[in-house]
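# Reading the structure
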Amino acid sequence: MASASIGAPGVWRAPSRLHASWIISQQEDLTWFLGSSLVGYLALALMMAGTPVAPIQFVWFFLVDGPHVFATITRTHLDSAERSKLGMFLWVTVPLMLIGPASVLAGYGSVFFLLAVCWQQYHIVKQHLGFVMLYKAKNREKSRTDLLVDRAFLLASLFVPLAYFVIRTRPQLSFLSDLTWIILPQYALLTTLWIGRQLQKLRRHSQMNWPKIGLFLVVVPLQWFALVHAASFGPDGIIRAGIVLGLFHSLQYHRLMWFHNRNRYGQEGAEEKHGLAARCASNVWLYVAIGVVLNAVFCFVPGTLIGGPALQAAVWGISFTHYLLDGRIWSVRNDHELAEALHLR
């Protein structure tokens, strides 16, 4: 899809040198897939300035992050075609909601919550990697070298700061602190390699994948700033990092999901084939309401207002379901209908 043309007076547009192929359009991608990182940076700045975490956490969990988990329902549980395809897998929520309480009752609650957060981070990493691959596909970037360098640098940039946080905040892992002196120089070398690759392509006047590069430039610093800041507050600081990184991740997800839903379920005959999912894609406020209401009923009220470690651990099972479902429903390679909905064909 070509970049957006110049619009109405007073509407900001990116400079022409960013001309490339975008997932939705230049303006939409810069606003939602890259620009929404500014919301994460704003949340981080507010917390560093001393703003209480509670109101920021409420906005993040109640209005943005929680609803994005339930947004998956709009193209799985509510889609009759997907229900037939996924079958009993949709019920994986039940056993997943039992793992947490069992861990808490067995005295391993802290281990469970740490592993849950690590899985959450892995899920976020997979989404960013997915966007990188979408931009590669849209801009026909087929270089094996770029694929290897991009993948290695992105994975390292998202996991190394997480490892730093875990080692820094877990006294029982202090024996691993010496590893940072090994990992950080290697990461610095990888960073240099990635930057050098972009400069090499620029000097050779090779086609530059500006959307992909822009994504790297916003997500990598955010990951480092969020987790280094969080580490200074001990294990509980992970909620600060979760807010910062989750805001960006969730806003990206919401926009991509709505783009997909409108394209897949807006076609003639979609309601007969997909059922309720097609109706829910007819109005963006209905889509928003589904996420907010379901999150309030199944996560916010039991996990926050009622509380208790066992109940909070059980609520994580819903997020785990979201992680597993996402791993199955966003595979473009084996789903021609998905590729068409994302305008990749």
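Residues numbered from 1 in each chain as written. Predicted model: local features only at pLDDT ≥ 70, side-chain atom pairs only at ≥ 80, totals over all residues. Heavy atoms only, no water.

## Comments concerning the overall build of the chain
If you tally the helices and strands in the chain, you get 15 helices and zero strands. By the compact-globule yardstick of 20 Å for 345 residues, the chain fits well, its C-alpha radius of gyration being 21 Å. Projected onto its principal axes, the C-alpha positions of the chain cover 55 × 55 × 40 Å. Taken over 345 residues, the chain has a buried fraction of 51%. For the chain, the centre of its 28 positive side-chain charges and the centre of its 17 negative side-chain charges are spaced 7 Å apart. (Helix = DSSP H or I, 4+ residues; strand = E, 2+ residues; numbered from the N terminus. Rg over C-alpha atoms; globule rule 2.2 N^0.38 Å. Buried < 20%, exposed > 50% of the residue type's maximum accessible area, 1.4 Å probe, protein only. Lys, Arg positive; Asp, Glu negative; His and termini not counted. Charge placed at Lys NZ, Arg CZ, Asp CG, Glu CD.)

## What about the packing of helix H3 (residues 53-71) against helix H14 (residues 309-329)?
The interhelical angle for the contact between H3 and H14, taken along N-to-C directions, is 55°, at an axis separation of 9 Å. By the angle class used here, H3 and H14 are oblique. The interaxial crossing formed by H3 with H14 has left-handed handedness. In contact with His68, Val69 and Phe70 of H3, H14 contributes Ile318, Ser319 and His322. (Axes fitted to C-alpha atoms, helices over the stretch in contact; angles between N-to-C directions. Parallel < 35°, antiparallel > 145°, perpendicular 65-115°, else oblique. Left-handed = near helix turned anticlockwise from the far one by under 90°. Contact = heavy atoms within 4.5 Å.)

## Remarks on the confidence of the model for the chain
Overall, the predicted model of the chain reaches an average pLDDT of 90, with 94% of residues at or above 70. Per-element confidence in the chain is highest for helix H2 (residues 37-48), whose mean pLDDT is 97, and lowest for helix H13 (residues 284-306), whose mean pLDDT is 89. Here residues 1-17 is a poorly scored stretch, pLDDT under 50, and it has 27 contacts once near neighbours within four places are set aside; other chains count. (pLDDT = per-residue confidence, 0-100.)

## Things to note about the layout of surface pockets
What the largest pocket holds in volume is close to 1,200 Å³. In terms of lining, the largest pocket is formed by 33 residues, of which the most central are Gly130, Met133, Leu134, Trp330 and Val332. Mapped by element, the contributors of at least two residues to the lining of the largest pocket are helix H6 (109-138), helix H7 (144-169), helix H10 (238-265) and H14. When its residues are assigned to classes, the lining of the largest pocket shows 15 nonpolar, eight polar and ten charged. Here the second largest pocket defines a volume of roughly 940 Å³. The wall of the second largest pocket is formed by 35 residues, among which Gln57, Trp60, Phe113, Ile239 and Trp316 lie closest to the centre. Mapped by element, the contributors of at least two residues to the lining of the second largest pocket are H3, H6, H10, H13 and H14. Sorting elements by how many residues they give to the lining of the second largest pocket places H3 first, with nine residues. Looking at the lining of the second largest pocket, its residues break down into 18 nonpolar, 14 polar and three charged. (1 Å grid on protein atoms, 1.4 Å probe; cavity = no way out; pocket = protein on both sides within 12 Å on 5 of 7 lines; lining within 4 Å. Points joined across faces, edges and corners; volume = space filled by probe spheres on them. Nonpolar A, V, L, I, M, F, W, Y, C, P; charged D, E, K, R; others polar.)

## Thoughts on helix H1 (residues 26-34)
Restricting attention to buried positions, one finds in H1 the residues Gln26, Asp29, Leu30, Phe33 and Leu34. Looking straight down H1, one finds its buried side chains confined to an arc of 110°; they lie on one side. (Arc of directions from axis to C-beta.)

## Some words on empty space enclosed by the protein
The method is simple in principle: a probe with the dimensions of a water molecule rolls over the atoms, and the space it marks as empty is what remains. Tallied over the entire structure, the rule returns one cavity of 30 Å³ or more. Of the voids in this model, the largest cavity is the one considered here, and its volume is about 60 Å³. Going through the elements one at a time, H7 and helix H8 (180-203) are the ones with two or more residues in the lining of the largest cavity. The element best represented in the lining of the largest cavity is H7, accounting for four residues. Residue composition of the lining of the largest cavity, by class: six nonpolar, one polar and no charged.

## Describing the side chain of Thr74
Position of Thr74 relative to the elements: it lies in the loop between H3 and helix H4 (80-86). On the basis of relative accessibility, which here comes to 2%, the residue Thr74 falls in the buried class. Side chain to side chain, Thr74 and Asn261 meet in a polar contact 3.0 Å long. Not counting the four nearest positions on each side in its chain, Thr74 is found in contact with Met257, Asn261, Tyr265, Ala277, Tyr287 and Ile290. (Polar contact = N/O pair within 3.5 Å; in protein donor to acceptor, adjacent residues only side chain to side chain.)

## Description of the pattern of salt bridges
Evaluation of the coordinates by the stated rule reveals 15 salt bridges. One salt bridge in this structure joins Glu28 and Arg255, with 2.9 Å as the shortest N-O distance. Residue Glu28 is located in helix H1, and its partner Arg255 is located in helix H10; the two are separated by 227 residues in the primary sequence. According to the relative accessible area criterion, Glu28 is partly exposed, its value standing at 27%. (Salt bridge = Lys/Arg side-chain N within 4 Å of Asp/Glu carboxyl O.)

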